[in-house]
Amino acid sequence: MNDLAHIVANRGLRHVLFSFTDLFGVQRAKLVPASAVAALAEGGAGFAGFAAWLHLTPADPDVLALPDPASLMVLPWQRDVAWVATDLVVEGQPLEQAPRRVLQQQLKRAEALGFEFRSGVEAEFFLLDPEQGGVADRFDRQSKPCYDQLSLMRRYPLISELIGAMEELGWGPYQADHEDANGQFELNWTFADALTTADRHAFFKVMAATLAEKHGCGVSFDPKPIEGLTGNGAHLHVSLWQGGRNLFHDLAGEKGLSTLAYHFLGGLLAHARALCALTNPLPASYRRLARASTSSGATWSPAWISYGGNNRTHLVRIPDDQRLELRLPDGAANPYLLQAAVLAAGLDGIERRLDPGPRSDANTYTDPPAPGTAQPLPGSLEEALEAFAADTILQDALGSEFCSAYQELVALLPARGGGMRPT
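> Tell me about the packing of helix 7 (residues 259-270) against helix 10 (residues 335-351), and name the residues and values.
Two elements in contact, helix 7 and helix 10, have axes separated by 6 Å at closest approach and are oriented at 120 degrees. As summarised for this structure, helix 7 and helix 10 are arranged oblique, according to the angle between their axes. Considering the relative orientation of helix 7 and helix 10, their crossing is right-handed. On helix 10, the residues that touch Leu260, His263, Phe264, Gly267 and Leu268 of helix 7 are Val342, Leu343, Ala345, Gly346, Leu347, Gly349 and Ile350.

Next comes the structure, spelled out in structure tokens:
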């Protein structure tokens, strides 16, 4: 762990944020001065787990956060400070409910099967007026504002700073756009191994909020910040690799995808209702899923457990011959649990050689599946949690300690209106 102290010294850093993401996706951190990094890198920064959204009590021992030096990112807006993801332990043992640990366990499972899981995420967000609420840009009023150039360029100072920050961090950003709702934006960066993508996704939420505040805006990744407008998705693009080769790609296969890819897809469909408890973890998540139209004319979110080709009305889209796109997740999804749950479902599909069935090319918004041909997605968080509790395969894969902790905490959300989660 002395590597972290060397990195800090070599880069002239004054402080390091030892950070972890709790079960509700909230970033928690302690600011550690450079002089103490070596000691805390070895012994861990101490946290009272009950004070964050972890399923612990005030009587439990300290949770110690051990930093992963490979995850270190220097804050582009505060270059004498770095952020580092940590792994949580209690009395020398990994905290199995910790979201980063849950993902790491699934990655080990994939590795044992000879696979490397790579992914990319589309983190949509709203820019809001911090004083009045609503969209921050009063001129952003088009009924179909997607790709609106003028609204995009009015936010150029912020968007360009975010792009520059990602370039500085080496993420490989390649485009930014105004999304389908007024005040909604998206920045895309290059896919990577799933743990790196999850770390970046977690950091991006902090970075977007910090830089937006600098420019006088509030940020919301909430699934449905404004009724009547399209909600925030977090579409996940996935593939499995081996020795630098994309195992999903097969030009001889349907849509250029391999049998392995279709088995993975079969797992996603088989576990879709249970996945919602993790990919759509708020009561508001079920106001985003395609139950009613929006001012733009489409929700761009699925309502049915189905897949199509390059068709954005389905749960899974096949955009090309390289990957699958899961359109289910929303902006409230925990960056680590999102990756872990999707991988667990996909690996089950591979292990059981599940068949996803025939592809649908229908526009499910205007031509929904015939009765009995496709299941609907859950209509509420309670329904999703019931599906998750009943899915013993997914529960076994993700681990009983995590599943028990998650279900007990998330079950409290409807009674409290989802207010425990930040927007």
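> I'd like a rundown of the packing of helix 5 (residues 156-169) against helix 6 (residues 194-214), residues and numbers included.
Here helix 5 crosses helix 6 at 140 degrees, and the two axes come no closer than 10 Å. Classed by the angle they form, the pair helix 5 and helix 6 counts as oblique. For helix 5 against helix 6, the interelement crossing comes out right-handed. Within the contact between the two elements, helix 5 uses Leu158, Glu161, Leu162, Ala165, Met166 and Leu169 and helix 6 uses Phe203, Phe204, Met207, Ala208, Leu211, Ala212 and Lys214. Looking at the contact of helix 5 with helix 6 residue by residue, the class counts come to 11 nonpolar, no polar and 2 charged.

> Which residues make up the side chain of Glu186, and what values do they have?
Position of Glu186 relative to the elements: it lies in strand 11 (residues 184-189). The side chain of Glu186 sits in the buried core without any salt bridge; Arg327 is the nearest counter-charge, 8.0 Å away. Within the structure, the side chain of Glu186 is placed 2.9 Å from the side chain of Asn188, a separation counted as a polar contact. Sequence-distant contacts of Glu186, defined by excluding residues within four places in its chain, comprise Glu122, Ala123, Glu124, Phe125, Gln175, Ala176, Asp177 and Glu179.

> So what about the packing of aromatic side chains? Which residues, and what values?
The final tally for this structure, using the stated rule, is 17 aromatic pairs. Where Trp171 meets Phe203, the ring centres are 6.2 Å apart and the plane angle is 75 degrees; that geometry is what we call edge-to-face. Of this pair, Trp171 sits in the loop between helix 5 and strand 10 (173-178) while Phe203 sits in helix 6, and the two are 32 residues apart along the sequence. With a relative accessible area of 1%, Phe203 lands in the buried category. What links up through ring pairs into an aromatic cluster is the set Trp77, Trp83, Phe125, Trp171, Phe185, Trp189, Phe203, Phe204 and Phe221. Above the plane of the ring of Trp241 lies Arg118, whose end atom (NZ or CZ) is 3.9 Å from the centre. One cation-aromatic arrangement involves Lys205 over Phe221; the distance from NZ or CZ to the ring centre is 5.4 Å.

> Quick one: what's the story with the nonpolar core, residue by residue and with numbers?
Ranked by size, the top nonpolar core spans 121 residues in total, and within it Phe204, Met207, Phe264, Leu324 and Leu398 carry the most contacts. Setting aside its immediate chain neighbours within four residues, Met207 contacts Pro76, Trp77, Leu162, Ala165, Met166, Leu169 and Trp171. If you look at the next biggest cluster of nonpolar residues, it comprises 5 residues, including Leu128, Ala181, Ile226 and Leu229.

> Describe empty space enclosed by the protein, listing the residues and the values that go with them.
Taken as a whole and judged by the stated rule, the model has 2 cavities of 30 Å³ or more. Each pocket or cavity is described by its volume, and for the largest cavity that value is around 80 Å³. Forming the boundary of the largest cavity are 13 residues, of which Phe20, Thr21, Thr86, Arg100 and Tyr336 lie nearest the centre. Elements with a contribution of two residues or more to the lining of the largest cavity: strand 1 (15-21), strand 6 (81-90) and helix 3 (99-112). The element contributing the most residues to the lining of the largest cavity is strand 6, with 5 residues. In terms of residue class, the lining of the largest cavity is made up of 7 nonpolar, 3 polar and 3 charged.

> Could you give me a rundown of the pairing of strand 11, with the residues and numbers involved?
Looking down a regular strand, the side chains alternate between one sheet face and the other. Burial runs high along strand 11: 6 of the 6 residues are buried. Neither face of strand 11 is open: one carries Gln184, Glu186 and Asn188, the other Phe185, Leu187 and Trp189, and all of them are buried. Sheet topology note: the strand 9 (residues 125-128)/strand 11 ladder contains 2 bridges and is antiparallel. Counterpart to Phe126 in the pairing with strand 11 is Gln184. In this sheet, strand 11 lies alongside strand 10 in antiparallel orientation, the contact comprising 5 bridges. Within the sheet, the bridge partner assigned to His178 lies in strand 11 and is Phe185.

About the thresholds
- Residues numbered from 1 in each chain as written.
- Predicted model: local features only at pLDDT ≥ 70, side-chain atom pairs only at ≥ 80, totals over all residues.
- Heavy atoms only, no water.
- Axes fitted to C-alpha atoms, helices over the stretch in contact; angles between N-to-C directions.
- Helix = DSSP H or I, 4+ residues; strand = E, 2+ residues; numbered from the N terminus.
- Parallel < 35°, antiparallel > 145°, perpendicular 65-115°, else oblique.
- Left-handed = near helix turned anticlockwise from the far one by under 90°.
- Contact = heavy atoms within 4.5 Å.
- Nonpolar A, V, L, I, M, F, W, Y, C, P; charged D, E, K, R; others polar.
- Buried < 20%, exposed > 50% of the residue type's maximum accessible area, 1.4 Å probe, protein only.
- Lys, Arg positive; Asp, Glu negative; His and termini not counted.
- Salt bridge = Lys/Arg side-chain N within 4 Å of Asp/Glu carboxyl O.
- Polar contact = N/O pair within 3.5 Å; in protein donor to acceptor, adjacent residues only side chain to side chain.
- Phe/Tyr/Trp six-rings, centres within 6.5 Å; stacked < 30°, edge-to-face > 60°.
- Lys NZ or Arg CZ within 6 Å of the ring centre and 35° of its normal.
- Core = buried A, V, L, I, M, F, W, Y, C linked by side-chain atoms within 4.5 Å.
- 1 Å grid on protein atoms, 1.4 Å probe; cavity = no way out; pocket = protein on both sides within 12 Å on 5 of 7 lines; lining within 4 Å.
- Points joined across faces, edges and corners; volume = space filled by probe spheres on them.
- Pairing = 2+ DSSP bridges.

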